[in-house]
Amino acid sequence: MSEPVDVRWMRHALALAARAEREEDEIPVGAVVVDAAGQPVGEGWNRNIGERDPSAHAEIVAMRAAGRALGNHRLVGCTLYVTLEPCAMCAMAMVHARIARLVHAASDPKTGAAGSVFDLLADPRHNHRVGVVGGVLAEEAGAMLTGYFRRKRGKPGP
């Protein structure tokens with residue numbers, strides 16, 4: 001069972017994901033970075049379509065904001081909450097940023113790099129490993145993503 005604090009921050013990430021779709025017609029993935037004291041220091045959602053930037057995933061947007069807020073490219077002691085399991089690019093950015101912990105909602109069976117397809121965060125060859133908790137509010141996040149893609153493809157819901 002997830003810690004209540006993990007559920008709280010994942011609900012915040014889900015609200016960011018909903019904003020991504022509602023306000024910018026982006027794929028609904030939201031992320032928030034919380035420091036060791038439990039304070040949010042960065043947040044974001046997918047911006048890659050609108051910004052025409054393949055690196056503007058929710059995790060990257062949130063980590064960039066956290067780095068600016070903390071005045072450091074290292075996010076030591078921080079937890080990153082994201083509504084979809086990170087891809088390889090985002091997972092390696094977490095390693096380089098020294099994120100302490102990742103909490104994700106839905107798994108990504110196609111490109112997930114936190115245990116589904118790859119397990120980059122736990123690879124012993126890296127000089128830093130990120131703790132991972134998966135599946136927090138996964139059904140809600142999965143339903144949001146499935147609904148988005150069904151609407152985009154003009155398919156009826158379940």
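Residues numbered from 1 in each chain as written. Predicted model: local features only at pLDDT ≥ 70, side-chain atom pairs only at ≥ 80, totals over all residues. Heavy atoms only, no water.

The protein chain is annotated in an unreviewed UniProt entry as tRNA-specific adenosine deaminase of Luteimonas salinisoli. In UniProt, the protein chain has this text filed under Subunit (unreviewed entry): "Homodimer." (UniProt positions renumbered as here; feature names shortened; annotations may be inferred.)

Asks: Before we go on, may I ask you to explain the environment of M89 in this structure?
Replies: If you trace the backbone, M89 turns up in helix α3 (residues 88-97). Residue class for M89 comes out partly exposed when judged on its relative accessible area of 34%. In the structure, M89 is positioned 80 residues away from W9 in sequence and 23 Å away in space, judged by C-alpha atoms. Those residues within four positions of M89 in sequence are excluded, and the remaining contacts are P54, S55, H57 and I60. (Helix = DSSP H or I, 4+ residues; strand = E, 2+ residues; numbered from the N terminus. Buried < 20%, exposed > 50% of the residue type's maximum accessible area, 1.4 Å probe, protein only. Contact = heavy atoms within 4.5 Å.)

Asks: Teacher, can you tell me more about the pairing of strand β2 (residues 40-45) here?
Replies: Note on strand geometry: in a regular strand, side chains alternate between the two faces of the sheet. Sheet topology note: the strand β1 (residues 30-34)/β2 ladder contains five bridges and is antiparallel. Bridge assignment links G30 to a residue of β2, and that residue is W45. Hairpin geometry of β1 and β2 is characterised by an intervening segment of five residues between the two adjacent antiparallel strands and by a positive phi of about 85° at G38. (Pairing = 2+ DSSP bridges.)

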